[in-house]
Amino acid sequence: MDERRARLARRHHLAAGAPPASPAALAGSLVGLHATDPATPYLSLWARIPGCSVPDVQAALYEDRTLVKHLAMRRTLWVVRPEDLPSIQSAASDRVAANEHRRLVADAERAGVAADGHAWLQTACSAVVDHLGRTGGRSARQLREALPELTGTYDPAPGKTWGGEGHLAPRVLTLLSARGEIVRGPNDGGWTTSRPRWVPAADWLGPATAVAPDVARADLVRRWLHAFGPATVTDIKWWFGNTLNWARQALRDIRAVEVDIDGATGFVLPGDDEPEPEVAPWCALLPGLDVTTMGWFDRDWYLGPHRSQVFDRNGNAGPTVWVDGRVVGAWRQDADGRVQLLLLEGVGRRARKELSARAEELTAWLGGVRVSPRFPSPLSRG
């Protein structure tokens, strides 16, 4: 258990040592960073790269374009490197896109928007791509107002309190982004909000070469296992949002080595089964949906008894406090924007002092900006 936590500390760049050279380097080493909550990638990078600022991340996303947001594993929005997109597209996003296509066609027909949902969707997608090719970046609202092909509403849950009429247009954009045809370009909101202008992927990032599914699978699982191993086949299946057979074939393709994880069968890369050296004591404040907190399906080894306090009922992690490879609490901001620690157990004087210092650093870094987690945990919600 201690050895596994030491791996986490080093390979997720949470312990003291050589930090990643850039936001793109960090995203690449972890395959990607969660971005469903707009603030998460900024805070994930702050936690791991000393001196990393909001302008640094915005430059990587919108100026240098060494990072890009993309819908991929588990229908989750990620921040990834453009050079990794072909593998991610083939190994994960194509599966997401197929599911989105099927559901959108069914909902359009059910809502009476079109008798032939496939034809309607093809027309709508072509209209968006053609329009963006002529005009450049446009928001979802601008596209909906400009293109009659996007007209249409549906009710996701007729007769239910959580239902109600909604536009189909955003789902067309979601499908096109999952296909890799368009991407989220400049953000018209602040760093804690998401108001993207959609742009053609080739215009924003340049041309890309497709990667065969089996090659992409092996590439991504190999890289993921280096950062997250040892891991179980269930961890791999869950993280990539695919099937057990898919995960098992990937392990065979990369010739993964079986290891024992407290009585369960885990896997590491060939030659990566040597004992992990100890790491110096460390602590961290991670945001909601951070890639480390969400990194495994089997989480007891770092959550202990605190799962119900730091995750919501749907399995979404809120902001967490870490000490030496374990989650020991949560954090939130008070009415004045100061970061508060909410500890669930004693951590000792040294760790308490370090955590207090990190809370002060984060308070200063935020500079009065309030971060409201999209999925607050019971503990962070209070």
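About the criteria used
Residues numbered from 1 in each chain as written. Predicted model: local features only at pLDDT ≥ 70, side-chain atom pairs only at ≥ 80, totals over all residues. Heavy atoms only, no water. Helix = DSSP H or I, 4+ residues; strand = E, 2+ residues; numbered from the N terminus. Rg over C-alpha atoms; globule rule 2.2 N^0.38 Å. Buried < 20%, exposed > 50% of the residue type's maximum accessible area, 1.4 Å probe, protein only. Areas by Shrake-Rupley, 256 points an atom, 1.4 Å probe, with all protein chains shown as cover. Lys, Arg positive; Asp, Glu negative; His and termini not counted. Charge placed at Lys NZ, Arg CZ, Asp CG, Glu CD. Contact = heavy atoms within 4.5 Å. Phe/Tyr/Trp six-rings, centres within 6.5 Å; stacked < 30°, edge-to-face > 60°. Lys NZ or Arg CZ within 6 Å of the ring centre and 35° of its normal. Salt bridge = Lys/Arg side-chain N within 4 Å of Asp/Glu carboxyl O. 1 Å grid on protein atoms, 1.4 Å probe; cavity = no way out; pocket = protein on both sides within 12 Å on 5 of 7 lines; lining within 4 Å. Points joined across faces, edges and corners; volume = space filled by probe spheres on them. Nonpolar A, V, L, I, M, F, W, Y, C, P; charged D, E, K, R; others polar.

### Overview of the overall build of the protein chain
Working step 1: Along the protein chain, the regular secondary structure elements total 16 helices and 13 strands.
Working step 2: Compactness check: the protein chain gives a C-alpha radius of gyration of 21 Å against a globular reference of 21 Å for 382 residues, within 12% of the reference.
Working step 3: Taking the principal axes of the C-alpha coordinates as reference, the protein chain spans close to 65 × 55 × 45 Å.
Working step 4: When the 382 residues of the protein chain are sorted by exposure, 52% land in the buried category.
Working step 5: If you sum the accessible surface of the protein chain, you get close to 17,100 Å²; carbon and sulfur atoms cover 49% of it.
Working step 6: Once the 46 positive and 44 negative side-chain charges of the protein chain are each reduced to a mean point, those two points are 4 Å apart.

### Regarding the environment of Val96
Working step 1: Tracing the sequence through the fold places Val96 in helix H5 (residues 85-110).
Working step 2: Each C-alpha atom, one on Val96 and one on Leu175, is 8.4 Å from the other, the two residues being 79 residues apart in sequence.
Working step 3: When residues no more than four places from it in sequence are discounted, the contact partners of Val96 are Leu71, Ala72, Arg75 and Ala178.

### Some points on the packing of aromatic side chains
Working step 1: Using the criterion set out here, one finds 15 aromatic pairs in the structure.
Working step 2: On the basis of an interplanar angle of 70° and a centroid distance of 4.8 Å, the ring pair of Trp239 and Phe240 is categorised as edge-to-face. Accessibility classification places Trp239 together with Phe240 in one group, the buried group.
Working step 3: Look at Trp301 and Tyr302: their rings are 5.0 Å apart centre to centre, the planes differ by 80°, and that puts the pair in the edge-to-face class. When sorted by exposure, Trp301 lands in the same class as Tyr302, which is buried.
Working step 4: An aromatic cluster is present here, built from Trp78, Trp224, Phe228, Trp239, Phe240, Trp246, Trp296, Trp301, Tyr302 and Trp322 joined pairwise through their rings.
Working step 5: It is Arg4 that lies over the ring of Trp301; its NZ or CZ is 4.1 Å from the centre.
Working step 6: The side chain of Arg358 reaches across the aromatic face of Trp46, ending 4.2 Å from its centre.

### Quick word on the pattern of salt bridges
Working step 1: Counted according to the given criterion, the structure contains 24 salt bridges.
Working step 2: One salt bridge in this structure joins Arg4 and Asp235, with 4.0 Å as the shortest N-O distance. Residue Arg4 is located in helix H1 (residues 2-11), and its partner Asp235 is located in helix H11 (residues 233-240); the two are separated by 231 residues in the primary sequence.
Working step 3: With relative accessibility at 0%, the residue Asp235 sits in the buried group.
Working step 4: Each of Arg7, Arg10, Arg11, Asp272 and Glu276 takes part in salt bridges that share partners, so that together they form one network.

### Quick look at empty space enclosed by the protein
Working step 1: Tallied over the full model, the rule gives one cavity of 30 Å³ or more.
Working step 2: Looking at the largest cavity, its volume works out to about 60 Å³.
Working step 3: Lining the largest cavity are Leu61, Tyr62, Lys69, Arg184, Gly185, Asn187, Ser194, Arg195 and Pro196.
Working step 4: Those elements that provide at least two residues to the lining of the largest cavity are helix H4 (54-63) and strand S6 (182-187).

### Description of the layout of surface pockets
Working step 1: Volume-wise, the largest pocket comes out at about 710 Å³.
Working step 2: Around the largest pocket, the lining is made up of 27 residues, and of these Thr36, Leu71, Leu77, Arg184 and Arg374 lie nearest the centre.
Working step 3: Secondary structure elements with two or more residues in the lining of the largest pocket: strand S3 (76-80), helix H8 (169-179) and strand S7 (196-200).
Working step 4: The element best represented in the lining of the largest pocket is H8, accounting for four residues.
Working step 5: Of the residues in the lining of the largest pocket, the class split is 13 nonpolar, seven polar and seven charged.

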